2 protein chains.
Amino acid sequence: MDSEGDVAKLLREAGIRPTLQRMQVAEVVLRKDQHLSAEQILTELDYNGAPVSKATVYNTLGLFAARGLVREVLIDAARVFYDSNTRPHHHFYNTDTGALVDFPASQVVIENLPAPPNSARIESVDLVIRLRNKG
Amino acid sequence: MDSEGDVAKLLREAGIRPTLQRMQVAEVVLRKDQHLSAEQILTELDYNGAPVSKATVYNTLGLFAARGLVREVLIDAARVFYDSNTRPHHHFYNTDTGALVDFPASQVVIENLPAPPNSARIESVDLVIRLRNKG
DNA sequence: TTGGGTGCAAACTATTTGCATTCGA
DNA sequence: TCGAATGCAAATAGTTTGCACCCAA
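Each chain has its residues counted from 1, running along the sequence as written. Here the convention is simple: chains get letters from A, ligands get numbers from 1, in the order in which they are written. Under the rules for a predicted model, residues below a pLDDT of 70 receive no local features and side-chain atom pairs below 80 are neither given nor counted, while totals for whole chains, interfaces and linings still include all residues. As a rule here, side-chain values come from all non-hydrogen atoms in the structure, and water together with hydrogens is ignored.

### A few points about the pairing of strand β5 (residues 100-104) of chain A
All names here are of chain A.
Here is step 1: In this sheet, β5 lies alongside strand β4 (residues 89-94) in antiparallel orientation, the contact comprising 5 bridges. What sits directly across from F92, in β5, is V101.
Here is step 2: Between any two strands, pairing holds if DSSP finds at least two bridges. Each helix corresponds to a stretch of at least 4 residues labelled H or I by DSSP, and each strand to a stretch of at least 2 residues labelled E; elements are numbered beginning at the N terminus. Hairpin connection between β4 and β5: a loop of 5 residues separates the two successive antiparallel strands, and G98 in this loop has a positive phi of roughly 80 degrees.

### Quick notes on the protein's contact with DNA strand D
Here is step 1: Nearness is judged by heavy atoms alone; a residue qualifies as near a molecule or strand once a single heavy atom is within 4 Å of it. Taken together, 18 residues form the shell around DNA strand D, and within it A:Y58, B:T19, B:R22, B:A55 and B:T56 come nearest.
Here is step 2: The contact atoms of DNA strand D, taken as those within 4 Å of the protein, divide so that sugar and phosphate hold 74%.
Here is step 3: Polar contacts here mean pairs of N or O atoms no more than 3.5 Å apart (in protein, one a potential hydrogen donor and the other a potential acceptor; neighbouring residues in sequence count only if both atoms are side-chain atoms). One nitrogen or oxygen atom from the side chain of B:T19 is found 2.5 Å from a phosphate oxygen belonging to DNA strand D.
Here is step 4: One nitrogen or oxygen atom from the side chain of B:Q21 is found 2.8 Å from a phosphate oxygen belonging to DNA strand D.
Here is step 5: Examining the composition of the surface near DNA strand D, we find that 4 residues originate from one element, helix α4 (residues 54-66) of chain A, more than from any other.
Here is step 6: Its residues assigned to classes, the surface near DNA strand D comprises 7 nonpolar, 6 polar and 5 charged. Gly is placed with the polar residues, together with every amino acid not listed as nonpolar (Ala, Val, Leu, Ile, Met, Phe, Trp, Tyr, Cys and Pro) or charged (Asp, Glu, Lys and Arg).

### Comments concerning the pattern of salt bridges
Residues and elements named next belong to chain A.
Here is step 1: When a carboxyl oxygen of Asp or Glu lies within 4 Å of a side-chain nitrogen of Lys or Arg, that pair is called a salt bridge. The final tally for this structure, using the stated rule, is 14 salt bridges over all chains.
Here is step 2: Across the salt bridge formed by K9 and E13, the nearest N and O atoms sit 3.5 Å from each other. With K9 and E13 both in helix α1 (residues 4-13) and 4 residues apart, the pair spans about one turn of that helix.
Here is step 3: Only protein chains enter the accessibility calculation, which uses a 1.4 Å probe; a residue whose area is less than 20% of its type maximum is buried, one above 50% is exposed, and one in between is partly exposed. Exposure remark for E13: the relative accessible area of 58% places this residue in the exposed category.
Here is step 4: Notably, a salt bridge pairs R132 with D96, separated by 3.9 Å at the nearest N-O pair. Of the two residues, R132 is situated in strand β7 (residues 121-132) and D96 in the loop between β4 and β5; the sequence distance between them amounts to 36 residues.
Here is step 5: Note on D96: relative accessible area 40%, which makes it partly exposed.

### Let's talk about the sheet that holds β4(A)
Where strands meet in a sheet, backbone hydrogen bonds hold them as pairs that are either parallel or antiparallel.
Here is step 1: Spatially, the 6 strands line up as an open sheet ordered β5(A)-β4(A)-β7(A)-β7(B)-β4(B)-β5(B), and their pairing is mixed. Strands with a single pairing partner mark the edges of an open sheet, and in this sheet they are β5 of chain A together with β5 (100-104) of chain B. Across the sheet, the mean angle from the axis of one strand to that of its neighbour is 25 degrees, orientation sign disregarded. Note on method: axes are straight lines fitted to C-alpha atoms, helices fitted across the in-contact stretch only, with angles between N-to-C directions ranging 0 to 180 degrees.

### Topic: the confidence of the model for chain A
Here is step 1: For every residue, the predictor states its confidence as a pLDDT score lying anywhere from 0 to 100. On average, residues of chain A score 89 in pLDDT, and 95% of them are at 70 or above.
Here is step 2: Of all secondary-structure elements in chain A, the lowest mean pLDDT belongs to strand β3 (residues 79-83) of chain A, at 87, while helix α2 (residues 20-29) of chain A reaches the highest, 96.

### Considerations on the packing of helix α2 (residues 20-29) of chain B against helix α3 (residues 38-47) of chain B
What describes two packed helices is the angle between their axes and the distance between those same axes.
Residues and elements named next belong to chain B.
Here is step 1: Direction vectors running N to C along α2 and α3 enclose 110 degrees, while the axes themselves pass 10 Å from each other. Compared by their axis directions, α2 and α3 come out roughly perpendicular. α3 is crossed by α2, and the crossing has right-handed handedness. Where α2 abuts α3, its residues Q24, V25, V28 and V29 lie against I41, E44 and L45.
Here is step 2: Taken together, the residues that form the contact of α2 with α3 break down as 5 nonpolar, 1 polar and 1 charged. Working rule for angles: under 35 degrees goes down as roughly parallel, over 145 as roughly antiparallel, 65 to 115 as roughly perpendicular, anything else as oblique. Throughout, a crossing is termed right-handed when the near helix is turned clockwise from the far one, and left-handed when it is turned anticlockwise from it by less than a right angle. We call two residues contacting when some pair of their heavy atoms lies within 4.5 Å.

### Regarding the interface of chain B and chain A
Here is step 1: At the interface, 37 residues of chain B touch 37 residues of chain A.
Here is step 2: For any pair of parts, buried area is found by adding up, for both, the accessible area (1.4 Å probe) each one loses once the two are put together. Each partner contributes to the roughly 3,400 Å² buried at the junction of chain B and chain A, and carbon and sulfur atoms together form 62% of this total.
Here is step 3: Counting across the interface, chain B meets chain A through 4 salt bridges.
Here is step 4: B:R130 is the partner of A:D126 in a salt bridge, and the nearest nitrogen-oxygen pair spans 3.3 Å.
Here is step 5: The element that contributes the greatest number of residues to the side of chain B that touches chain A is strand β7 (residues 121-132) of chain B, accounting for 12 residues.
Here is step 6: Broken down by class, the residue content of the side of chain B that touches chain A amounts to 22 nonpolar, 7 polar and 8 charged.

Structure below.
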C-alpha cells in the first residue's frame, strides 16, 4: 500500500493539489488494481472514519479520470466503475455474477478498424466482452 | 415506415404481446436504424400525442432489448442509447459532438481473445471507439 | 488581497420497484 | 375465474450544479 506521502506525490505528479479529501479517496482507489463504484468508495471512506461527501467523491473521481489516474469503465446502465489499472486493457463482464475481469490489450489483435469519420482522432478503444454462465 | 399491422406482427414474432403502448414505442424506435435515448423516445411520444409513462417506456425498452429488437449501447455514464440496428456492429462515439456512428462487425478482425474465465460463454462483444476532433 | 480552486448541500436526472388493473385461457 | 402480464405513480439511486469558503500567489 502507498504511504500517505507517496499518494501526495502521485497526485502532485498528476497535476492535482493533494488535499485531505483527495488523498483519502486516492488511498482507497489507488491502493491496488481494482474496480470500484463511487458507492463502494464512499462506503469504504465512511468505514475508515473519513467521511467525504458524495459530491466530492464524484468530482474527485472525475478529476482522477481526466488526469489518467483511473479509468472509467461503463458496464451497466448507470453503473460506472473506476479502474485503477491504467495499463491498456479490456474487460470481461459476467452478467450473472457481476464479476469484472481485466485482460491485457496486448494479447488481443484488433485489425481493419475503419477510419474515424471526419478525420477525428481516436481517443480510446474499449472492448467489453459480456459473459453468461453456462447452463 | 412500418404500418401498424407490421409492427404488431414484429412484436408477436418476438414473443411480445402487442399492446397499445408497446406499438407506440415500437413505431418510434424501430422506424429506421437509429440511436435514441429513453428521454428522446418519451419526448417524441408526447409530441405524437401518445403519452406513455416514463416507467413504461423504460420497461418496454428493456423488454425489446431482452428479445433482441433493439440493442443497448452504453456510451456515457448514465447515458444509455437504444440502437434499432441489431445486425452485428460496433460504435464510434465522438466525445466532442456526441455523434454515435455504427460500423459493421464484419469489417473488423478481433483475434486472440482470451478464453472466458470459469468457462462461461460469450454473450456479446462490444467495441466502442471514442473519438475527439482534431485541433 | 483576490481569483481560481475546492468541498459539499441541495437540486436534478435517470432508472427501478411495487402494486392496482387488465388480459387471455 | 384466476394467475400471469401489464402500465404507471411513486420511490430510489446516481450524478451534477451552484455557491460559500479557502488557499496560494
